[in-house]
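What follows is the residue order along each chain.
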Amino acid sequence: MGFPILSVMIALPLVAALACLFVGAKAARWIALAATLADLGLGILLWHGYEIGGAQWQFTESVPLFGRFAWALGIDGIALLLIVLSVFLMPICIAASWEAIEKRVPEYMAAFLLMETLMVGVFAAQDLFLFYIFFEAGLIPMYLIIGIWGGADRIYASYKFFLYTLLGSVLMLIAMLWMVSEAGTTSIPALMAYDFPPEAQTWLFLAFFASFAVKMPMWPVHTWLPDAHVQAPTAGSVILAGVLLKMGGYGFVRFSLPMFPVASAELMWLVMGLSMVAIVVTSLIALVQEDMKKLIAYSSVAHMAFVTIGLFAFNRQGIEGALMVMLGHGLVSGALFLCVGVIYDRMHTREIVRYGGLSNNMPKYAMLFLLFTMASVGLPGTSNFVGEFLSLVGAYQISSWVAFVATTGIITGAAYMLYLYARIAYGSARTPEAAAMPDLSPRELAILAPIALAVLWMGVYPESFLAPMRNDVGAVLARLAPTAPESDAKVVIGHPKPAVEAHAEAHH
């Protein structure tokens with residue numbers, strides 16, 4: 001068993017959160033920063049200690065608690081990458097809230113640290129109900145972060161966020177209870193190998209789909225996301241876009257695909273159809289937004305649709321691409337929200353028309369913002385290119401129409417992101433306040449630079465991220481292979497003509 005590193009990663013922020021509640025604002029900030037950096041250190045150790053090509057589940061711990069319920073933790077390559085993403089974004093969020101949050105700082109820091117505990121818990125849990133507790137409890141700190149430290153309509157946004165996400169999850173809980181009584185175990189690895197009766201799989205799949213589709217979010221249950229993003233404080237938006245949305249994709253690849261392969265294949269067209277609508281519709285909606293945060297929120301829905309298309313392509317490129325989009329989008333959308341936060345802190349408005357010409361007075365900011373804009377568009381050499389390209393290749397293998405419709409999302413994505421960038425950074429300042437804004441402070445530079453490096457690292461050498469997940473994607477594919485739907489490529493393999501005939505024809 002060794003050192004219980006996952007339990008420590010879960011417990012550390014929780015202890016720090018309690019400590020924050022007993023100190024003043026200044027101490028709370030430092031406690032939160034120290035705890036999140038310590039967790040990041042443990043995350044780096046975790047990555048370093050993870051043996052690629054070793055056992056499927058590593059760092060496992062299991063302590064039976066009561067009945068069938070156990071404190072069971074363990075990670076595979078997919079969970080490893082998402083845990084590292086979570087602990088990487090967390091200190092950045094704390095640093096981003098350093099000056100922006102003035103009221104109730106200890107409670108704010110405690111909410112964020114609790115959020116970190118629950119995020120790591122979701123990706124590390126190996127017991128079905130333990131997963132469910134972490135998955136659902138994650139709503140609570142986010143609801144408080146939006147509802148207490150949010151913008152003007154924060155109460156509406158936080159209720160909408162809470163109710164949408166909760167409704168889907170109640171159905172998932174019912175399905176989980178049935179699964180445990182049917183399979184006789186709560187262990188996620190055991191359930192991933194259990195063959196549920198095909199007629200039950202459809203209902204189980206739909207129950208899980210209700211929860212994960214809202215979390216992703218998929219069109220048409222995405223409407224909570226723009227509201228939540230616009231009202232949330234900057235760091236809240238970063239965690240929401242960077243990690244919480246990834247829980248939906250993680251749910252699909254950990255539960256829906258391996259546990260219900262028959263239903264996944266039957267309902268593939270439901271997922272593909274909703275994803276195609278999402279890519280076209282939300283990209284067009286993003287094009288006309290006047291509010292920067294709303295624009296990035298709608299672009300998130302479009303990018304997450306690439307994840308669902310890749311996951312349900314039932315081939316290696318699709319699934320690996322979807323997971324790469326999840327990681328890349330976590331970094332890039334988080335960075336874009338931080339970029340909005342930087343200028344929001346200076347002018348306290350999110351309206352695009354109030355800015356302009358920032359490349360004149362904020363050159364460092366304009367350069368970093370351009371990098372993240374390009375990454376969002378999917379420029380080769382940035383993180384999103386790898387994932388989007390792979391998921392489109394995967395989709396093309398199963399349906400050329402899906403790939404065609406999804407590719408329009410890349411083109412409209414370039415349109416809305418470049419249009420946003422041009423209005424903010426180029427031309428001349430539209431207001432005297434915009435012209436007088438100072439460039440990035442050392443703190444803000446220290447927040448954005450690590451993400452910029454990570455985005456370039458993922459784009460230039462994606463193998464570091466693809467290697468840990470390769471065997472786990474293989475395990476999911478092995479479960480899907482018997483039921484995988486046919487491709488629409490009508491390949492007909494001919495027979496070569498004998499050489500004599502071919503020679504004779506050439507002479508005619």
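Given the structure is predicted, the values throughout are model-derived calculations rather than measurements. For every chain, the first residue of the written sequence is number 1, and numbering continues from 1 onward in sequence order. The model is predicted, so local features are restricted to residues of pLDDT at least 70 and side-chain atom pairs to those at 80 or more, both for listing and for counting; the totals for chains, interfaces and linings are taken over all residues. To get the side-chain values, take all heavy atoms of the structure and skip hydrogens and water.

## Notes on the overall build of the protein
Stated precisely, the cut-off is as follows: Helical segments are the DSSP runs of H or I of at least four residues, strand segments are the runs of E of at least two, and each set is numbered from the N terminus. The atom set for the radius of gyration is the C-alpha atoms, and the globule formula is 2.2 Å times the number of residues raised to the power 0.38. Remark: exposure states derive from per-residue accessible area (1.4 Å probe, protein chains only) relative to the maximum for the residue type, with buried under 20%, exposed over 50%, and partly exposed in between. We call two residues in contact whenever any of their non-hydrogen atoms come within 4.5 Å of each other. Surface accessibility in these figures is a Shrake-Rupley result with a 1.4 Å probe; residues are shielded only by whichever protein chains are displayed. The charge count includes Lys and Arg as positive and Asp and Glu as negative, but it does not include His or the ends of the chains. Lysine's charge is taken at NZ, arginine's at CZ, aspartate's at CG and glutamate's at CD.
The secondary structure content of the protein amounts to 23 helices and 2 strands. Its C-alpha atoms give the protein a radius of gyration of 23 Å, within 12% of the compact-globule value 23 Å for 508 residues. Seen along its three principal axes, the alpha-carbon backbone of the protein occupies a region of about 80 × 70 × 40 Å. Expressed as a percentage of its 508 residues, the buried residues of the protein come to 60%. The contacts in the protein between residues at least 6 apart in sequence include a share of 81% that link residues at least 24 apart. For the protein, the exposed area adds up to about 19100 Å²; of that, 70% sits on carbon and sulfur atoms. Charge-centre separation for the protein: the mean point of 24 positive side chains lies 9 Å from the mean point of 31 negative side chains.

## Comments concerning the packing of aromatic side chains
Short version of the rule: When the centres of two rings from Phe, Tyr and Trp lie within 6.5 Å, Trp using its six-membered ring, the rings pair. Their planes under 30 degrees apart give stacked, over 60 give edge-to-face, and anything left gives tilted. The criterion is that NZ of a Lys, or CZ of an Arg, lies within 6 Å of the ring centre and within 35 degrees of the ring normal, and then a charge sits over that ring.
A full pass over the atoms with the stated rule returns 32 aromatic pairs. Each ring, one from Tyr 143 and one from Tyr 159, has its centre 5.9 Å from the other, and the planes form 90°; the classification is edge-to-face. Here Tyr 143, found in helix H6 (residues 139–149), pairs with Tyr 159, found in helix H7 (residues 154–183); they are 16 residues apart in sequence, far enough to count as distant. Judged by relative accessible area, which is 45%, Tyr 159 ranks as partly exposed. Its end group placed over the ring of Phe 135, Lys 215 keeps NZ or CZ at 4.7 Å from the ring centre.

## Some details on the UniProt feature "domain: NADH:quinone oxidoreductase/Mrp antiporter transmembrane" (unreviewed entry) in the protein
Condition: UniProt positions are given in the numbering used here, feature names are shortened, and annotations may be inferred rather than shown by experiment.
As recorded in UniProt, the feature "domain: NADH:quinone oxidoreductase/Mrp antiporter transmembrane" (unreviewed entry) lies at residues 125–410. Helix makes up 81% of residues 125–410 and strand 0%. Its end C-alpha atoms lie 35 Å apart.

## Quick notes on the packing of helix H11 (residues 234–259) against helix H22 (residues 463–480)
Which entries qualify depends on this criterion: Fitting a line to C-alpha atoms yields each axis, with helices limited to the stretch in contact; the angle taken between N-to-C directions then spans 0 to 180 degrees. Angle categories: roughly parallel below 35 degrees, roughly antiparallel above 145, roughly perpendicular from 65 to 115, and oblique for all the rest. Under the scheme applied, nonpolar residues are Ala, Val, Leu, Ile, Met, Phe, Trp, Tyr, Cys and Pro; charged residues are Asp, Glu, Lys and Arg; polar residues are all the others, including Gly.
Running from N to C, H11 and H22 point in directions that differ by 25°, and their axes come no closer than 8 Å. In terms of orientation, H11 and H22 fall into the roughly parallel class. For the pair H11 and H22, the contacting residues are Val 253, Leu 257, Pro 258 and Met 259 in the first and Val 476, Arg 479 and Leu 480 in the second. Here the contact of H11 with H22 is built from residues that sort into 6 nonpolar, no polar and 1 charged.

## Details of the state of the cysteines
Two cysteines form a disulfide when their sulfur atoms are joined by a covalent bond. Using the following cut-off: Here, a disulfide means two cysteine sulfur atoms that sit within 2.5 Å of each other.
Under the criterion given, the structure shown has 0 disulfides. Unpaired in terms of disulfides, Cys 20 finds its nearest cysteine sulfur in Cys 93, a separation of 15 Å. According to the relative accessible area criterion, Cys 20 is buried, its value standing at 0%. Not part of a disulfide, Cys 93 finds its nearest cysteine sulfur in Cys 339, a span of 13 Å.

## Examining a nonpolar patch on the surface
As a reminder, the rule being used: Note that patches include only residues with greater than 30% relative accessible area and no salt bridge, and the join distances are 9 Å for like charges and 5 Å for nonpolar side chains (Val, Leu, Ile, Met, Phe, Trp, Tyr). In the sections that follow, a salt bridge refers to a side-chain nitrogen of Lys or Arg positioned within 4 Å of a carboxyl oxygen of Asp or Glu.
A cluster of nonpolar residues, Leu 166, Val 170, Leu 171 and Ile 174, forms a patch on the protein surface that exposes about 330 Å² of accessible area. Summarising the element assignment, Val 170 is placed in helix H7. Look at Val 170 and you get partly exposed, because its relative accessible area is 41%.

## Digging into the pairing of strand E2 (residues 69–75)
Short version of the rule: The rule for pairing is simple: two strands pair if DSSP sees at least two bridges between them.
Of all 7 residues in E2, 6 are buried; the element is thus mostly enclosed. Sheet analysis places strand E1 (residues 58–66) next to E2, joined by 6 bridges and oriented antiparallel. Bridging across to E2, Gln 58 finds its partner in Ile 75.

## Details of the environment of Leu 371
Relative to the elements of secondary structure, Leu 371 occurs in helix H17 (residues 363–377). Each C-alpha atom of the pair Leu 371 and Leu 37 lies 25 Å from the other, and the pair is 334 residues apart in sequence. With near-sequence residues (within four places) excluded, Leu 371 lies in contact with Ala 452 and Leu 456.

## Examining the pattern of salt bridges
This model, assessed by the stated rule, comprises 6 salt bridges. Put simply, Asp 76 and Arg 254 hold a salt bridge, and the shortest N to O gap is 2.6 Å. With Asp 76 in the loop between E2 and helix H3 (77–96) and Arg 254 in helix H11, this residue pair connects regions lying 178 residues apart in the sequence. With respect to burial, Asp 76 and Arg 254 carry one shared label: buried. Between Arg 479 and Asp 195 there is a salt bridge, and its shortest N-O distance comes to 3.0 Å. With a gap of 284 residues between them, Arg 479 in helix H22 and Asp 195 in the loop between helix H8 (188–192) and helix H9 (198–215) connect regions that are remote in the sequence. Residue class for Arg 479 comes out buried when judged on its relative accessible area of 19%.

## Observations regarding the packing of helix H5 (residues 128–137) against H6
Describing two packed helices takes the angle between their axes plus the distance from one axis to the other. Where H5 meets H6, the closest approach of the two axes is 5 Å, and the angle between their N-to-C directions is 5°. Relative to H6, H5 is oriented roughly parallel. Contacts between H5 and H6 involve Phe 135, Glu 136 and Ala 137 on the former and, on the latter, Leu 139, Ile 140 and Pro 141. A breakdown of the residues in the contact of H5 with H6 according to their chemical character gives 5 nonpolar, no polar and 1 charged.

## Concerning H3
Our working rule: In this analysis, the expected span of each helix is defined as 1.5 Å times one less than the number of residues it contains.
Taking 1.5 Å per residue as the helical rise, H3 with its 20 residues ought to reach 28 Å, and the 29 Å between its terminal C-alpha atoms agrees with that figure. Summarising burial for H3: 20 of the 20 residues are buried, a large majority.

## Some details on the nonpolar core
To keep things clear, this is the line we draw: By convention a nonpolar core is built from buried Ala, Val, Leu, Ile, Met, Phe, Trp, Tyr and Cys residues, the set being connected through side-chain atoms within 4.5 Å.
In terms of nonpolar packing, the biggest core is built from 195 residues, with Phe 131, Phe 312, Phe 372 and Ile 451 touching the most fellow members. At 18 residues, the largest contribution of residues to this core is made by helix H15 (residues 316–347). Apart from the residues lying within four places of it in its own chain, the contact partners of Phe 312 are Phe 205, Phe 252, Leu 257, Ser 264, Met 268, Val 271, Met 272 and Ile 398.

## Quick look at helix H2 (residues 25–49)
The end-to-end C-alpha distance of H2 is 36 Å, a good match for the 36 Å that 25 residues give at a rise of 1.5 Å each. Of the residues making up H2, those classed as buried are Ala 28, Arg 29, Ala 32, Leu 33, Ala 35, Thr 36, Asp 39, Leu 40, Leu 42, Gly 43 and Leu 46. Where H2 is buried, its residues meet helix H1 (5–20), E1, E2, H3 and helix H4 (105–124).

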